[in-house]
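# Understanding the architecture of this molecule
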Amino acid sequence: ENVFGQEPILTGSGRTSLYVILKSLELPEGSGVGVPLFCCSVVFEAIREAGLVPVFIDINIDDYCISASDLQKKIDSISAVIVVHLFGHPANMDAISSICRSIPIVEDCAHALFSKYKGKNIGCLSTASFYSFRSGKYISSGEGSAIFCQDPLLYKNINRFIERLEEWKLLQEIFHCTSTYIKSILYNRPWYGTIGYPVGRLLDQKLNLTSKTGIKLRKIAKSDLRILNNRMESFFEKVRKQRENALFFLKNLNLKGGELPYEKSDCQSNYYQFAIRFRNKGQRDLLSEFLFRHGIDSAKYLDEVVDVAKNNHGYKGDCPNAELCSKTVLVIPNHYVLSDKDLNYIVKCLNDGNEYFVSTCT
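Given the structure is predicted, the values throughout are model-derived calculations rather than measurements.

### Some remarks on helix 5 (residues 152–163)
With 12 residues, helix 5 should reach 16 Å at 1.5 Å per residue; the first-to-last C-alpha distance of 17 Å fits that figure. In this structure, the buried residues of helix 5 make contact with strand 1 (9–11), helix 1 (14–24), strand 8 (128–132) and strand 9 (145–149). The N-cap residue of helix 5 is Asp151: its side-chain oxygen and the backbone nitrogen of Leu153 are 3.0 Å apart.

This is the structure we're talking about:
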């Protein structure tokens, strides 16, 4: 509340927040909602669940955020726009707002806690915005989300909707805490490479542990809210440390055929994730395997999003930048808990591995 100048409206998850915002906008059934193709497919699901239709917008190749020029081409078929500040990099909100005019803009700030656009906090630049605090996001409280809204009438509509959401039952909350703890153990080093990753993938296929599909409309769990409140105050320092890590990578990585994620001059990214775009899919995949063999986990982020969008949400193949990034982007470890020794080891492995593989994949 101190940071954003408004009391947050809390929900059980980011996807619940997005669903509630879209329903509270009271758009006609079947209205088009502009959304970048290069984002988590859960966003597409939330749009569908709200009775609306995704209209896929391409991204900028340099910041992975929604392309204002492609938005302009498709604006006539859009009744609302979701702007995703991917990897913590702020989108060009001035250009997007100019194109949208009176069309509602919803900021997806799941990656962008404390990122800034022209000195202003991400999340304060639109009709409404939401943050996610689920495990794997910056604060990782287990689950939970916060909505901020600049429109007084919409704010009231959202609050009325939230009041009708399901409360957590005691057994549900106990199971939630237990499963979150188990996931945290499995994905913690040194278990991640030897046990956590293969076991986690096997279980996820059966149990959807990472919650990549489905929407459970609930209020925030008491346990998640307690963790969130305890961690929020100290988090500015953690974001500062993670930015330092990113700046160290930018200075010391020397990747032929790899594009590093530099900030734009009027923006400040929290560097929630450090995403590198490679020349082609082969170079990325070989380097990912090389890093894993050396004990460094990486992620082929959104590798399957194009197929998901085509098969389930009517994507027609008109977002070439997003398609390219889905096959060539690799996310490397950048966490604020990494030591100087860890950071130097990651740089050495990346530089050495890339030097070897770049000639192989040319």
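Okay, back to it.
### Re the sheet that holds strand 1
Overall, mixed pairing links the seven strands, which are arranged 1-9-8-5-4-2-3 in an open sheet. The sheet terminates laterally at strand 1 and strand 3 (53–57), the two strands that pair on one side only. The mean angle between the axes of side-by-side strands here comes to 25°, regardless of whether they run parallel or antiparallel. The pairing of strand 2 (residues 32–36) with strand 3 spans five bridges and is classified as parallel.

### Considerations on the environment of Arg218
Mapped onto the fold, Arg218 is located in the loop between helix 7 (191–207) and helix 8 (222–232). Assessed through its relative accessible area of 13%, Arg218 is described here as buried. Setting aside anything within four residues of it in sequence, one finds Arg218 in contact with Thr11, Gly12, Thr16, Leu165, Glu166, Trp168 and Gln172.

### Structural notes on the pattern of salt bridges
With the rule as written, the count across this model stands at 17 salt bridges. A salt bridge links Glu237 to Arg240, with the shortest nitrogen-to-oxygen separation between them at 2.4 Å. You can see Glu237 and its partner Arg240 sitting in helix 9 (residues 235–252), three residues apart, about one turn around the helix. Residue Glu237 is classed as partly exposed on the basis of its relative accessible area, which comes to 44%.

### Focus: the packing of helix 1 against helix 5
Running from N to C, helix 1 and helix 5 cross one another at 125°; their axes reach a closest spacing of 9 Å. Classified by the angle between their axes, helix 1 and helix 5 sit oblique to one another. In this structure, helix 1 crosses over helix 5, and the sense of that crossing is right-handed. Listed contacts from helix 5 to Tyr19, Val20, Ile21, Lys23 and Ser24 of helix 1 are Leu154, Asn157, Ile158, Phe161 and Ile162. The residue makeup of the contact of helix 1 with helix 5, split by class, is seven nonpolar, two polar and one charged.

### Considerations on unusual backbone geometry
A positive phi angle, near 65°, is found at Tyr64, a position not held by glycine. Note that Tyr64 resides in the loop between strand 3 and helix 3 (68–74). On the basis of relative accessible area, Tyr64 is assigned to the buried category, the value being 3%. Unlike most non-glycine residues, Phe87 shows phi in positive territory, near 65°.

### Details of the pairing of strand 8
Along strand 8, five of the five residues are buried, which leaves the element largely enclosed by surrounding structure. By the alternation rule, side chains of strand 8 split into Ala128, Phe130 and Ser132 and Ser129 and Tyr131, which are all buried. With five bridges connecting them, strand 8 and strand 9 associate as antiparallel partners. Paired with Ser132 across the two strands is Ser145, which belongs to strand 9.

### Looking at the environment of Ile61
Among the structural elements, Ile61 can be located in the loop between strand 3 and helix 3. A C-alpha to C-alpha distance of 36 Å links Ile61 and Asn157, two positions 96 residues apart in sequence. Those residues in contact with Ile61 that sit more than four places away from it in its chain are Arg277, Asn321, Leu324 and Cys325.

### So, the nonpolar core
The biggest cluster of nonpolar side chains holds 50 residues, and the ones touching the most others in it are Phe38, Tyr64, Phe87 and Ile158. Not counting residues within four places of it along the chain, the set of residues in contact with Phe38 comprises Ile59, Tyr64, Leu86, Phe87, Tyr301, Leu302, Ala322, Cys325, Ser326 and Val329. If you look at the next biggest cluster of nonpolar residues, it comprises 37 residues, including Phe4, Val83, Leu125 and Tyr138.

### With respect to the side chain of Ser223
Following the sequence through the fold, Ser223 ends up in helix 8. By relative accessible area, which is 18% here, Ser223 ends up buried. Once residues within four sequence positions are removed from consideration, Ser223 is found in contact with Glu173, His176 and Cys177.

### Thoughts on the sheet that holds strand 13 (residues 329–332)
Pairing is antiparallel in the open sheet, where three strands are placed in the order 10-12-13. Only two strands of the sheet have a single partner each, and these edge strands are strand 10 (258–259) and strand 13. The pairing of strand 10 with strand 12 (residues 274–278) spans two bridges and is antiparallel. Residue pairing in the sheet places Gly258 in a bridge with Phe278 of strand 12. Those strands touched by helix 10 (residues 281–293) are strand 12 and strand 13, and its axis lies near 20° from that of strand 13.

### A closer look at the side chain of Asp58
One can find Asp58 in the loop between strand 3 and helix 3. Here Asp58 occupies a buried position and makes no salt bridge, while the nearest side chain of opposite charge, Lys74, is found at 6.8 Å.

### As for the packing of helix 2 (residues 42–49) against helix 11 (residues 305–313)
Where helix 2 contacts helix 11, the axes come no closer than 10 Å and their chain directions differ by 20°. Overall, the two elements helix 2 and helix 11 adopt an arrangement that is roughly parallel. Every pair of crossing elements has a handedness; the one defined by helix 2 and helix 11 is right-handed. In contact with Phe44, Glu45 and Arg48 of helix 2, helix 11 contributes Val305, Ala309, Asn312 and His313.

Conventions adopted
Within every chain, residues take consecutive numbers counted from 1 along the sequence as written. Since the coordinates come from a predicted model, pLDDT governs what is reported: local features require at least 70, and pairs of side-chain atoms require 80 or more to be given and counted, while whole-chain, interface and lining totals use all residues. Only heavy atoms go into the side-chain values, all of them from the structure, while hydrogens and water stay out. Only DSSP runs of H or I covering at least 4 residues are called helices, and only runs of E covering at least 2 are called strands; the numbering of each starts at the N terminus. By this rule, a helix spans an expected 1.5 Å times one less than how many residues it contains. By the convention used here, residues are in contact when the closest approach between their heavy atoms is within 4.5 Å. N or O atoms within 3.5 Å of each other form a polar contact, as long as, within protein, one can give a hydrogen and the other can take it, and as long as residues adjacent in sequence are counted only when both atoms are side-chain atoms. At least two bridges found by DSSP between two strands is the condition for calling them paired. Orientation is described by axes fitted as lines to C-alpha atoms, over the contacting stretch for helices, and by angles from 0 to 180 degrees between their N-to-C directions. Per-residue accessibility, obtained with a 1.4 Å probe over protein chains only, is compared with the maximum for each type, and a residue is labelled buried under 20%, exposed over 50%, and partly exposed between these values. A pair is scored as a salt bridge if a Lys or Arg side-chain nitrogen falls within 4 Å of a carboxyl oxygen belonging to Asp or Glu. Angle categories are assigned with fixed cut-offs, so that under 35 degrees is roughly parallel, over 145 is roughly antiparallel, 65 to 115 is roughly perpendicular, and the rest are oblique. Crossing chirality is assigned from the near helix's rotation relative to the far helix, an anticlockwise turn below a right angle marking it left-handed and a clockwise turn marking it right-handed. Under the scheme applied here, ten amino acids are nonpolar (Ala, Val, Leu, Ile, Met, Phe, Trp, Tyr, Cys and Pro), four are charged (Asp, Glu, Lys and Arg), and all others, including Gly, are polar. What we call a nonpolar core is a set of buried Ala, Val, Leu, Ile, Met, Phe, Trp, Tyr and Cys residues that are connected through their side-chain atoms within 4.5 Å. Under this rule, positive means Lys or Arg and negative means Asp or Glu; His and the chain ends count for nothing.

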